[in-house]
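Coordinate inspection notes
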Amino acid sequence: AGLATLTRPTGGMLALAFGWEYLRQSPVSWATVQACGLSLRKWLNDQHALRILLGRLGTIALMPLAVLLYAGYLWKRFGDPLLFKKVEGAYWNHHSALPTKGLYLGVSALFQQPFTTFVSARGLLDVVPIVCFLVIALLGIKRVPLSFSLFGLAVVALSLMAPIPGQWPLQSGIRYLLPVFPVFVVLALWSRRWPMLETWLVYTWLPLQAILIFLFLHGGWII
């Protein structure tokens, strides 16, 4: 998980899933946590519970620690621990925002151009998948483990938190959605229940993929 965090920003969202699973599966009962509270003396008296708690917290801490280690490397090498964030803004024009604002900017940009233009079609390719993933992830909360849903919703939120000012605020946001495997699990479960859904997905996504490949081979920057 620490290496995944260094590889992509989406890897950092694993901390939510890991944190929930560690709490759910921990042999340290909630009653023990309440009894010890913030008292160091009480935790020291229960060495077994303390070792388990520190071990699990230490494992989860490896994910943010990976980012801190990378920031330390940038500080030592270039004198700026937040260089990776500044580069995103300087060269890719990404700006931090709340997920709600990112979604608002993406949807509102669709109405600034006629729907028959390439600009609108390109904008729909960015916005529609994000909205669909968000809806499916919310509807599938009770069908997959909660840790799956926490990871999926966090990644969807991440895709909305770095909009680009202009005609395509959520440009390339669909790339962030590829690791959201819980959505594909939910679609598989629904397809088993409603076989026509699988047919619809195949005959819709395959032509769309062919169109994207065609545009890419002809110099179009799609994703």
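Right, let's walk through the structure included here.

With that out of the way, let us pick up the packing of helix α7 (residues 99-110) against helix α8 (residues 118-139). Contact geometry for α7 and α8: axes closest at 9 Å, N-to-C directions at 145°. The hand of the α7/α8 crossing is left-handed. Each of Leu103, Gly106, Val107 and Leu110 in α7 lies in contact with α8, whose residues at this interface are Ser120, Gly123, Leu124, Val127 and Val131. The residue inventory of the contact of α7 with α8, partitioned by class, reads six nonpolar, three polar and no charged.

Let us look at the side chain of Ser191. Inspection of the secondary structure assignment puts Ser191 in helix α11 (residues 181-193). Note on Ser191: relative accessible area 10%, which makes it buried. Non-local contacts of Ser191, meaning those with residues more than four positions away in its chain, are made with Leu197, Glu198 and Leu201.

Across all of its chains, the model carries seven aromatic pairs by this definition. The interplanar angle of 85° and the centroid separation of 6.4 Å between the aromatic rings of Phe118 and Trp168 together place this pair among those described as edge-to-face. In this pair, Phe118 is assigned in helix α8 and Trp168 in the loop between α9 (146-159) and α10 (174-177), connecting sequence segments 50 residues apart. Take Phe118: its relative accessible area is 49%, and that puts it in the partly exposed class. For Trp168, a relative accessible area of 18% puts it in the buried group. Between Phe133 and Phe184 the ring centres are 5.7 Å apart and the planes differ by 80°, which places this aromatic pair in the edge-to-face class.

All right, on to the packing of α11 against helix α12 (residues 195-217) then. In contact at an axis separation of 4 Å, α11 and α12 are set at 125° when each is read in the N-to-C sense. Viewed along their axes, α11 and α12 adopt a mutual orientation that is oblique. Where α11 abuts α12, its residues Leu187, Trp190, Ser191, Arg192 and Arg193 lie against Pro195, Leu197, Glu198, Leu201 and Trp205. Split by residue class, the contact of α11 with α12 holds six nonpolar, one polar and three charged.

Cut-off values and rules
- Residues numbered from 1 in each chain as written.
- Predicted model: local features only at pLDDT ≥ 70, side-chain atom pairs only at ≥ 80, totals over all residues.
- Heavy atoms only, no water.
- Axes fitted to C-alpha atoms, helices over the stretch in contact; angles between N-to-C directions.
- Helix = DSSP H or I, 4+ residues; strand = E, 2+ residues; numbered from the N terminus.
- Left-handed = near helix turned anticlockwise from the far one by under 90°.
- Contact = heavy atoms within 4.5 Å.
- Nonpolar A, V, L, I, M, F, W, Y, C, P; charged D, E, K, R; others polar.
- Buried < 20%, exposed > 50% of the residue type's maximum accessible area, 1.4 Å probe, protein only.
- Phe/Tyr/Trp six-rings, centres within 6.5 Å; stacked < 30°, edge-to-face > 60°.
- Parallel < 35°, antiparallel > 145°, perpendicular 65-115°, else oblique.

Such coordinate-based values are descriptive only and should not be taken to indicate function.
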